[in-house]
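Structural features, examined
Listed below are the residues making up each chain.
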Amino acid sequence: MPVSQRDVRNRISSVKNIQKITRAMEMVAAARLRRAEQRIEALRPYASAIRRMTREAAEAAGNVPRLPILSEHDSLKTVGLLLIAGDRGLAGAFNSNIVRAGVAAGREHVAAGRGVAYYASGRRPASSLSFRGQEPKESFIGFSDRPSYADARSIAERLMAGYVDEDLDRVEVFYNGYISPISQVVTRETLLPLQQATVLEEEPGEEQAPSEEGHRALVDYEPEPEEILARLVPDYVEISIYRALLESTASEHGARMTAMRNASENAGTLIEDLTLEMNRARQAEITQEIMEVVAGAEGLAG
């Protein structure tokens, strides 16, 4: 059955309305992305300084003090996996990439005989984990668009409490690291224990101060580095989570902006195809009318 012009015209109108929505969402995401980039630019130097200070204090302390938050557990029985993503969708594979990476890591730990406790920041990872039968131990939702330091502190307190109480023997975090609006990379970091934490690794491009004897720090500490380290570790965990939240927010806005731009372009292509189809339908109707007129004229002449 041939498609009528009215049907095609209605489809074109529907696609145009959708295109208006996707363009508006792209503009909103672009505006929010710029603000998120500014917050990351302001935080990164501070976060890098905290990481460097913690690493240097650990090197100066030599043996990490036997405090609950600093001690490495005798056995690795349970691993806490924090998955940071968004509260909303329409951002391409932004959310699913984190869930896929977290669940894959969980399978690795289970295969090695360890238990896994999932923690989710964002409605999407929380619901995806529940759908997969991996109910998160705790969920933190409602702030993925604009996380605050208080949100990071709340998450950090739960994770550190689980580690101190020995409910968790290791804490890992998964988030989308922001590179550019069209490029985000799934990042996996170890927060606790400190002996295995990513903080002890040098960041790319970071210059290491020269030392005369191994890792001996060229700084005098007052009070002792052990006491400073005990104070720094909670700040390090909080700032690491806060940085991951901000990186994830910027990545989400960038992914949504890109997804909405692609949707708008696809809508434009579809409108062109539908317009061509409507013109063909109009031509077919005109041709049919001409044939009917010609047939009628021949009938009268006969």
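Whatever comes next refers back to the structure up there.
Residues numbered from 1 in each chain as written. Predicted model: local features only at pLDDT ≥ 70, side-chain atom pairs only at ≥ 80, totals over all residues. Heavy atoms only, no water.

1. Things to note about the sheet that holds strand β5 (residues 183-192)
- On the basis of which strands lie adjacent, the open sheet formed by five strands has the order β3-β2-β1-β4-β5 and mixed pairing. Both edges of this open sheet fall to β3 (138-140) and β5, since each of them pairs with a single strand only. Each strand axis lies, on average, 25° off the axis of its neighbour in the sheet, ignoring direction.
- Sheet topology note: the strand β4 (residues 170-180)/β5 ladder contains nine bridges and is antiparallel. For Tyr178, the partnering residue across the bridge sits in β5 and is Gln184.
- Each of β1 (78-84), β2 (115-121), β3, β4 and β5 is contacted by helix α4 (residues 149-164), which is oriented at about 160° to β3, the strand it contacts most. (Pairing = 2+ DSSP bridges. Helix = DSSP H or I, 4+ residues; strand = E, 2+ residues; numbered from the N terminus. Axes fitted to C-alpha atoms, helices over the stretch in contact; angles between N-to-C directions. Contact = heavy atoms within 4.5 Å.)

2. Regarding the pattern of salt bridges
- The tally for this structure, following the rule as stated, stands at 12 salt bridges.
- For Glu108, the salt bridge identified is with Arg188, shortest N-O distance 3.8 Å. A residue pair is termed long-range when its members are at least 10 positions apart, and Glu108 in helix α2 (residues 94-111) and Arg188 in strand β5 qualify at 80 residues.
- Residue classification places Arg188 among the partly exposed positions, given a relative accessible area of 40%.
- Where Arg153 meets Glu238, a salt bridge forms, and the shortest distance between an N and an O atom there is 3.7 Å. Placement of Arg153 in helix α4 and of Glu238 in helix α5 (residues 225-301) is noted, with a sequence separation of 85 residues between them.
- Owing to a relative accessible area of 34%, Arg153 belongs among the partly exposed residues under this scheme.
- For Glu238, a relative accessible area of 8% gives the class buried.
- Salt bridges linked by common partners bring Glu108, Arg170, Glu172 and Arg188 together as one network. (Salt bridge = Lys/Arg side-chain N within 4 Å of Asp/Glu carboxyl O. Buried < 20%, exposed > 50% of the residue type's maximum accessible area, 1.4 Å probe, protein only.)

3. Re the nonpolar core
- Residues Leu192, Val233, Val237 and Ile241 are the most contacted members of the largest nonpolar core, which totals 46 residues.
- Those elements that place two or more of their residues in this core are α1 (5-61), β1, β2, α4, β4, β5 and α5.
- For this core, the element with the highest residue contribution is α5, accounting for 14 residues. (Core = buried A, V, L, I, M, F, W, Y, C linked by side-chain atoms within 4.5 Å.)

4. A closer look at α4
- Helix length check: α4 (16 residues) gives 22 Å between terminal C-alpha atoms against 22 Å at 1.5 Å per residue, within 8%.
- For α4, the set of buried residues is Asp151, Ala152, Ile155, Ala156, Leu159, Met160, Gly162 and Tyr163. For α4, the buried positions fall inside an angular range of 155° around the axis, keeping them on one side. (Expected span 1.5 Å × (residues − 1). Arc of directions from axis to C-beta.)

5. What about the side chain of Ser248?
- Looking at the element boundaries, Ser248 is found in helix α5.
- We classify Ser248 as buried; its relative accessible area is 2%.
- Setting aside residues up to four positions removed in sequence, Ser248 forms contacts with Ile84, Ala85, Phe94 and Asn176.

6. Focus: α2
- Counted at 1.5 Å a residue, the expected span for α2 with its 18 residues is 26 Å, and the 27 Å between its end C-alpha atoms agrees.
- Listed as buried for α2 are Phe94, Asn95, Ile98, Val99, Gly102, Val103, Ala105, Gly106 and His109. An end-on view of α2 places all buried positions within 160° of arc, on one side of the element. In α2, those exposed residues whose orientation departs by more than 90 degrees from the buried face are Arg107 and Ala111.
- Gly113 sits one or two positions beyond α2 and adopts a positive phi of about 85°.

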